[in-house]
Amino acid sequence: SGSYFRPIAACNSASGTILPCSGRMRSTAKFRRSMFCLPKERLLIEADAYTPLAVGMPPPAVANANNVNLVQNIERLNFAVDRILPLHGRMVPLAELHAAIGRK
């Protein structure tokens, strides 16, 4: 139980290693999510944990728990990423996710 992402498999591709991960997010009990890290591209692909705001919008006054949890899991799993490609939004630099949770 608890909030976690854990690698469930790894495979090699021409561009690097793909690490599919699944886990529960704190605010959505038992709802499964996945993310894929492409280390060579320094890219994280994820669904539902983070959707970027429209360009120019200020960060929310209160950080979204899923966004905070995503940052915690990126750090815990030592994913060296510079960009995030959310399946429900535009590709953004990792710094934009950090700004969304109040980090600089």
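Note: the structure precedes this text.
In this report, we go over the structure that sits alongside the text. (Residues numbered from 1 in each chain as written. Predicted model: local features only at pLDDT ≥ 70, side-chain atom pairs only at ≥ 80, totals over all residues. Heavy atoms only, no water.)

Right, let's talk about the side chain of Glu 46 for a bit. On the secondary structure map, Glu 46 appears in strand β5 (residues 43-46). Classification of Glu 46 by relative accessible area gives buried; the value is 1%. (Helix = DSSP H or I, 4+ residues; strand = E, 2+ residues; numbered from the N terminus. Buried < 20%, exposed > 50% of the residue type's maximum accessible area, 1.4 Å probe, protein only.)

Turning our eyes to something else, we now look at the pattern of salt bridges. Scanning the model with the defined rule gives three salt bridges in all. For Asp 82, the salt bridge is made with Arg 42, and the minimal N-O distance between the two is 2.7 Å. With Asp 82 in the loop between α1 (65-76) and β6 (83-86) and Arg 42 in the loop between β4 (32-38) and β5, this residue pair connects regions lying 40 residues apart in the sequence. A relative accessible area of 40% means that Asp 82 is categorised as partly exposed. Across the salt bridge formed by Arg 103 and Glu 75, the nearest N and O atoms sit 2.4 Å from each other. With Arg 103 in the segment after α2 (94-100) and Glu 75 in helix α1, this residue pair connects regions lying 28 residues apart in the sequence. (Salt bridge = Lys/Arg side-chain N within 4 Å of Asp/Glu carboxyl O.)

Judged by nonpolar contacts, the single largest core of 17 residues is most densely connected at Leu 44, Tyr 50, Leu 70, Ile 74, Phe 79, Val 81 and Leu 97. For this core, the elements supplying multiple residues, two or more each, are β4, α1 and α2. Each residue touching Leu 97, except ones within four places of it in the same chain, is listed here: Tyr 50, Asn 67, Leu 70, Val 71, Ile 74 and Ile 84. (Core = buried A, V, L, I, M, F, W, Y, C linked by side-chain atoms within 4.5 Å. Contact = heavy atoms within 4.5 Å.)

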